[in-house]
Amino acid sequence: QVQLVESGGGLVQSGGSLSLSCAASGRTFSSYVMGWFRQAPGKEREFVAAQRYATVYADSVKGRFTISRDNAKNTVYLRANGLKPEDTAVYYCAARSSPVLTRSTSEYNYWGQGTQVTVSS
């Protein structure tokens, strides 16, 4: 069982930056694919970024967001630069026990509780 706890959300002006963190429990963190997803009000949860050895991003955040991880700290990060009002959402951290990168929400086994990111115009 893996428990995930996100932190770092908040309110930021358009063009600003935020860093999100996700702390994971468990001794096999380095073997997991770690992903970030987001869900805006009235919309489905959507893929943002994922990483194990390789990294993949949604087109909407490519060049603005950076996913990284520190396996020694069992933590994955999401650095969001150039934020836009359309980036406003609850951001979720997720873990996948299979080593294959995927953008599919249904392929992730564990989820955090989410952290709110609000971008004002």
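Numbering of residues begins from 1 in every chain and follows the order in which that chain's sequence is written. Totals for whole chains, interfaces and linings use every residue, but because this is a predicted model, local features are given only for residues with pLDDT of at least 70 and side-chain atom pairs only at 80 or more, for both listing and counting. Hydrogens and water molecules were not included; the side-chain quantities draw on all heavy atoms of the structure.

A. Seen up close, the pattern of salt bridges. Salt bridge, as used here, is a side-chain nitrogen of Lys or Arg placed within 4 Å of a carboxyl oxygen of Asp or Glu. Here the structure, examined in full by the defined rule, presents five salt bridges. Close ionic contact of E46 with R38 constitutes a salt bridge, the shortest N to O distance being 2.6 Å. The exposure class assigned to E46 is partly exposed, which follows from its relative accessible area of 35%. The exposure class of R38 is buried, given its relative accessible area of 5%. With its nearest N and O atoms 3.1 Å apart, the salt bridge here joins R96 to E107. Here the residue R96 occupies a position in strand β9 (residues 89-96), and E107 occupies one in the loop between β9 and β10 (110-111), the gap between them amounting to 11 residues. R96 sits in the buried class, given a relative accessible area of 10%. To sort residues, take the accessible area from a 1.4 Å probe on protein chains only and compare it with the maximum for the residue type: under 20% means buried, over 50% means exposed, and anything in between is partly exposed. What makes E107 partly exposed here is its relative accessible area of 37%. Each helix is a run of DSSP H or I of at least 4 residues and each strand a run of E of at least 2, with the numbering of both proceeding from the N terminus.

B. Broad picture of the side chain of R64. Looking at the element boundaries, R64 is found in the loop between β6 (55-57) and β7 (65-70). The class of R64 is buried, set by a relative accessible area of 14%. Engagement of the side chain of R64 in a polar contact is seen with the backbone oxygen of S60, the distance being 2.8 Å. Only heavy atoms matter for contacts: two residues are in contact if any of them lie within 4.5 Å across the pair. If we skip the residues at most four places from it in the chain, R64 touches R79, A80, N81, G82, L83, K84 and D87. In the analysis that follows, any N or O atom pair within 3.5 Å is treated as a polar contact, provided that within protein one partner can donate a hydrogen and the other can accept it, and provided that, for residues neighboring in sequence, both atoms belong to side chains.

C. Representation of the packing of aromatic side chains in the model. Ring pairs are drawn from Phe, Tyr and Trp, using the six-membered ring of Trp, whenever the two centres fall within 6.5 Å, and their geometry is named by plane angle: stacked under 30 degrees, edge-to-face over 60, tilted for the rest. Under the defined criterion, the tally for this structure stands at six aromatic pairs. With centroids separated by 5.0 Å and ring planes inclined at 75 degrees, the aromatic side chains of F37 and Y108 adopt a geometry described as edge-to-face. Taken together, the positions of F37 in strand β4 (residues 33-39) and Y108 in the loop between β9 and β10 put the pair 71 residues apart, joining distant regions of the chain. Since its relative accessible area comes to 5%, Y108 is described here as buried. With centroids separated by 6.5 Å and ring planes inclined at 80 degrees, the aromatic side chains of Y92 and W111 adopt a geometry described as edge-to-face. Separated by 19 residues along the polypeptide, Y92 in strand β9 and W111 in strand β10 bring together distant segments of the chain. A relative accessible area of 13% places Y92 in the buried class. A residue is classified by how much of its surface remains accessible, and W111, at 26% relative accessible area, is partly exposed.

D. Structural context of the sheet that holds strand β8 (residues 75-80). Here the rule is simple: two strands pair whenever DSSP picks up at least two bridges between them. Pairing is antiparallel across the open sheet formed by four strands, whose spatial order is β1-β3-β8-β7. Among the strands making up the open sheet, the edge pair consists of β1 (4-7) and β7. Taken over all neighbouring pairs, the strand axes of this sheet differ in orientation by 15 degrees on average, direction set aside. The angle between two axes is taken between their N-to-C directions and runs from 0 to 180 degrees, where each axis is a line fitted to C-alpha atoms and a helix contributes only its stretch in contact.

E. Region of the structure containing the side chain of N74. Following the sequence through the fold, N74 ends up in the loop between β7 and β8. Here N74 falls in the buried class, since its relative accessible area comes to 18%.

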